[in-house]
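Each chain is listed here by its residues.
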Amino acid sequence: MKAADLKLSELVDFEEGRLNLHGRRLVLHDLHAFAQLRKDLIETVGADGARSVLTRFGYFWGQADAAAMKRIFEWDSLSDLVLAGPRMHTIQGVVKASVRSLDIDESTGRFRMELTWHGSGDAEEHVIEMGRSDAPVCWMMVGYASGYASFCVNREVYFVERTCAGKGDPVCTAVGMDRESWGAELKTFLPFFQAEDVRGKVLELTRKLREQGRELAKQRQKLRLLAGEQPAGLVEVHSASFRKVVELAARVAPYDTSVLITGESGTGKEVLARYIHANSHRSKGPFVGVNCAALPETLLESELFGHKAGAFTGATRDRVGLFEEAQKGTIFLDEIGDISLAMQMKLLRVLQEREIRRVGESAPRKVDVRVITATNQNLAMAIQEGRFREDLYYRLRVIEIEVPPLRSRLEDILHLARHFCRVFARKLKIPNLRIDATCVDYLQSYNWPGNVRELENAIERAAVLSKDGLILPEHLPANVVHPILGPPGLVSPLSRKLSDIEKDHIQTVMRLVGDNRTRAARALGISPATLWRKLKQMNEEADGRS
Ligand SMILES: [Zn+2]
């Protein structure tokens, strides 16, 4: 196949309402509309910003055309594939392109191509709205030629326009070379190809935030150790149910098995994971925690496994993922029930093969990491509903530790409350901070849906409001003292619908029976099928709101 053989009518399939180039959809645009778009861009983001956007637009277009040409036809040589680029540009009506010279040295990777462009669409667009320019303006065409050639030779090729009809020259001319051949001269125009995008910025910011968060956690841990303080959540263990949990954690800590920690949020699942890490032979290695629900899937993948520079736009540098950061240590994946099925598949592979692949890389890297996961979801139910892979579930829960909710640790509540009193007395500098005996009943009869974390927040609030260090019921959050009123903000009976109260009651009962639907239905005096229907409706309403 030769470039000259390409014909638009044979390439494009004209269907009513659709133009297809071998499966890829094309759209014809009006030149004046494009001129307006260019003007708007220049006025909104400035000439350099507009140049970046249009250069990159052209670049992707060129890449897409090159990929199609390579896929559809058998080319006599690499040069013929490259020459099809200017031909495609011509038959798509962008410009009449002719090739003055082309040299490709496949052994050294050197590339040089000179083009002449007659009747440039870019230049015409620019002149229509912006008038004559004093520098070349065929930004999209330069991008297209660069994207096309780079794809064909599989290395970075950049075109630069030397003369341009947009600044009054008779024709536009452009030179393209590989990155090495350009040398230092490339520096002035490279930024227009590499405009930073939002995703790159988000990735960078997330990384910084995470680093700061980890640093902060480390500092806190150090301070706690200095103060001789144990992490909250593992102190004041008086209840048999929680003592069992800590004993089990201590027993599994020395072995490298996967541990799945389940329990409501706020029960201290991460504290337990840190405890396991600290009591394992990996304790000198890093502990890396990540909340899987906090990141969108695409970010999560590069966060966990890292990526190679250029793996996607915005990936300007190689990036080490958390699995590699946790080398010889422990990685803690919180909210594991929230990851997509595709991510579950990737994670399963990592657990089976003990190696990861950075996004954009084909070679695997070995990782020596202990995996601890946690969730507040019922994974068995998620499996039944097809939201969670059964094989992954069994790999994660070699040992399962269920952390009981605070309301079932009655013996611990008061001790924990007093523990937090000591913590906040020191932190807020309130000497002799103490809980009045009248608070005890309230603290023990409230059901603490937010668990230890909620109790800690309640005591901190009460400490701030207390008079002379004495915490009275009036200093506790209103919903602790008047649980019947439900969450704050729903105090007036006039503002509550009967269906809301029913919903609250169902949720409370479900919590009390540990999400066991059969027991809940019995307690509510309705059939399991009715309960199932009501729960489904509640879920749908919750989904509709979010
Ligand atoms: Zn031009």
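Scroll up to find the structure this text is about.
What you see as residue numbers is a count from 1 along each chain, following the sequence as written. Confidence filtering applies because this is a predicted model: local features only for residues at pLDDT of at least 70, side-chain atom pairs given and counted only at 80 or more, and all residues used for totals across whole chains, interfaces and linings. To obtain the side-chain values, all non-hydrogen atoms of the structure were included, while hydrogens and water were left out.

A pair of strands is treated as paired once DSSP finds two or more bridges between them. Each helix corresponds to a stretch of at least 4 residues labelled H or I by DSSP, and each strand to a stretch of at least 2 residues labelled E; elements are numbered beginning at the N terminus. Strand order in the open sheet formed by five strands is β9-β12-β15-β8-β16, and the pairing between neighbours is parallel. Of all the strands in the sheet, the pair left with one neighbour each is β9 (287-291) and β16 (399-402). Sheet twist, expressed as the average angle between the axes of neighbouring strands with direction ignored, equals 20°. With four bridges joining them, strand β12 (residues 330-334) and strand β15 (residues 370-375) adopt parallel strand pairing. By the bridge assignment for β15, Ile331 is matched with Val371. By definition in these notes, contact holds between two residues if any of their heavy atoms fall within 4.5 Å. Axis angles are defined between N-to-C directions and span 0 to 180 degrees, where every axis is a line fitted to C-alpha atoms and, for a helix, only to the segment in contact. Sheet strands touched by helix α8 (residues 240-252): β8 (259-262), β15 and β16. Its angle to β16, the strand with the most contacts, is close to 155°.

In this section: the sheet that holds strand β1 (residues 12-15). An order of β1-β2-β3 is seen for the three strands of this open sheet, with the pairing classed as antiparallel. What marks the edges here is a single partner per strand, and that holds for β1 and β3 (24-26). Pairs of neighbouring strands in the sheet enclose a mean axial angle of 35°, with direction left out of account. Pairing of β1 with strand β2 (residues 18-21), which is carried by four bridges, proceeds in the antiparallel orientation. Along β2, the bridge assignment pairs Val12 with Leu21.

This part covers the coordination of the zinc ion. Note: metal donors comprise N, O and S atoms at 2.8 Å or less from the metal (3.2 Å for Na, K and Ca); water molecules are not included, so apparent gaps in a site are possible. Within the protein, the zinc ion binds to Cys138 (SG), Glu161 (OE), Cys164 (SG) and Cys172 (SG); these donor distances fall in the range 2.0 to 2.4 Å. Tetrahedral means four donors with every angle between 85 and 135 degrees, whereas square planar (four donors) and octahedral (six donors) require angles over 155 degrees between opposite donors and between 65 and 115 for all others; sites fitting neither are termed irregular. With four donor atoms in place around the zinc ion and angles of 102 to 115° between them, the coordination shape is tetrahedral. Going along the chain, you hit the donors of the zinc ion in the pattern C-x22-E-x2-C-x7-C.

With that out of the way, let us pick up the side chain of Lys534. Along the chain, Lys534 falls in helix α21 (residues 528-545). In terms of polar contacts, Lys534 uses its side chain to reach the side chain of Glu502, at 3.1 Å. Those residues in contact with Lys534 that sit more than four places away from it in its chain are Glu502, Ile506 and Ile526. Between N or O atoms, a polar contact is any pair within 3.5 Å; within protein, one atom must be a potential hydrogen donor and the other a potential acceptor, and residues adjacent in sequence are included only when both atoms are from side chains.

On to the packing of helix α2 (residues 31-72) against helix α4 (residues 121-130). Between α2 and α4, the shortest axis-to-axis distance is 8 Å and the interhelical angle comes to 65°. With respect to α4, the element α2 is oriented roughly perpendicular. With respect to the hand of their crossing, α2 and α4 are arranged in right-handed fashion. Across from Leu31, His32, Phe34, Ala35, Gln36, Arg38, Lys39 and Ile42 in α2, the residues of α4 making contact are Gly121, Asp122, Glu124, Glu125, His126, Ile128, Glu129 and Met130. Each residue gets one label: Ala, Val, Leu, Ile, Met, Phe, Trp, Tyr, Cys and Pro are nonpolar, Asp, Glu, Lys and Arg are charged, and the others, such as Gly, are polar. Across the contact of α2 with α4, the residue classes break down as six nonpolar, four polar and six charged. Angular relationships are summarised with four words: roughly parallel below 35 degrees, roughly antiparallel beyond 145, roughly perpendicular across 65 to 115, and oblique for the angles in between. A clockwise turn of the near helix away from the far one marks a right-handed crossing, whereas an anticlockwise turn of less than a right angle marks a left-handed crossing.

The next point concerns the environment of Cys164. One can find Cys164 in the loop between β6 (157-163) and β7 (172-178). Note on exposure labels: buried denotes an accessible area under 20% of the residue type's maximum, exposed denotes more than 50%, and partly exposed covers the range between, all computed with a 1.4 Å probe on protein chains only. For Cys164, a relative accessible area of 0% corresponds to the buried category. Along the primary structure Cys164 and Asp134 are separated by 30 residues, whereas in three dimensions their C-alpha atoms are 9.4 Å apart. Non-local contacts of Cys164, meaning those with residues more than four positions away in its chain, are made with Pro136, Val137, Cys138, Asp169, Val171 and Cys172.

Let us now look at empty space enclosed by the protein. Grid spacing is 1 Å over the protein atoms alone, the probe is 1.4 Å, and a cavity is where that probe fits but cannot get out, while a pocket is an open set with protein on both sides within 12 Å along at least five of seven lines and lining residues have an atom within 4 Å of a point. Grid points are joined across faces, edges and corners, and a volume is the space filled by probe spheres set on the points. Taken as a whole and assessed by the stated rule, the structure comprises two cavities of 30 Å³ or more. Size it by volume and the largest cavity reaches roughly 90 Å³. Along the wall of the largest cavity there are 13 residues; nearest its centre are Gly85, Pro86, Met113, Leu115 and Ala145. Partitioned by chemical class, the residues of the lining of the largest cavity number 11 nonpolar, two polar and no charged. As a volume, the second largest cavity reaches approximately 30 Å³. Phe323, Val350, Leu351, Arg354, Val367, Val369 and Val371 together form the lining of the second largest cavity. For the lining of the second largest cavity, the residue count by class is six nonpolar, no polar and one charged.

Only centres within 6.5 Å qualify two rings of Phe, Tyr or Trp (six-membered ring in Trp) as a pair; their planes then separate them into stacked at under 30 degrees, edge-to-face at over 60, and tilted for everything else. Under the criterion given, the structure shown has 13 aromatic pairs. Ring centres of Phe34 and Phe57 lie 6.3 Å apart, and the angle between their planes is 55°; on these two criteria the pair is classed as tilted. Here Phe57 falls in the partly exposed class, since its relative accessible area comes to 40%. With centroids separated by 4.9 Å and ring planes inclined at 70°, the aromatic side chains of Tyr158 and Phe193 adopt a geometry described as edge-to-face. Of the two residues, Tyr158 sits in strand β6 while Phe193 sits in the loop between α6 (179-182) and α7 (198-226), which places them 35 residues apart along the sequence. Comparing Tyr158 with Phe193, the two get one shared label, buried. Through pairs of rings, three or more aromatic residues link up here, namely Phe34, Phe57, Trp61, Tyr144 and Tyr148. The ring centre of Phe192 lies 3.7 Å from the NZ or CZ of Arg51, which sits over that ring. A cation over a ring is seen here: Arg409 above Phe242, with NZ or CZ 3.6 Å from the ring centre. When the NZ atom of lysine or the CZ atom of arginine is within 6 Å of a ring's centre and also within 35 degrees of its normal, the charge is said to sit over that ring.

With that settled, consider helix α20 (residues 517-524). Three- or four-residue spacings in an α-helix give side chains the same orientation, since the helix completes a turn every 3.6 residues. Sitting at the amino-terminal end of α20 is Asn516, which places a side-chain oxygen 3.1 Å from the backbone nitrogen of Thr518. Positive backbone phi, at 75°, marks Gly525, one or two positions downstream of α20.

Right, let's talk about helix α10 (residues 297-305) for a bit. Counting buried positions along α10 yields seven of nine residues, so the element is predominantly enclosed. Residues of α10 that are buried: Leu299, Leu300, Glu301, Ser302, Glu303, Leu304 and Phe305. After α10 finishes, the residue Gly306 shows a positive phi value of roughly 85°.

The nonpolar side chains of a soluble globular protein tend to be buried, and buried together. Ranked by internal contacts, the top residues of the largest apolar core, which has 57 residues, are Met69, Trp117 and Phe159. If you list the elements that add at least two residues to this core, you get β2, α2, α3 (78-91), β5 (110-118), α5 (139-153), β6 and β7. For this core, the element with the highest residue contribution is α5, accounting for 10 residues. With sequence-adjacent residues up to four places away left out, Phe159 is seen in contact with Phe111, Met113, Leu115, Val142, Ala145, Ser146, Ala149, Ala174, Val175, Gly176 and Phe193. Side-chain atoms within 4.5 Å link the members of a nonpolar core, which is a set of buried Ala, Val, Leu, Ile, Met, Phe, Trp, Tyr and Cys residues. Grouped together as the second largest cluster of nonpolar side chains are 31 residues, Leu260, Val290, Phe323 and Leu396 included.

By themselves, these observations are geometric and do not establish any function.
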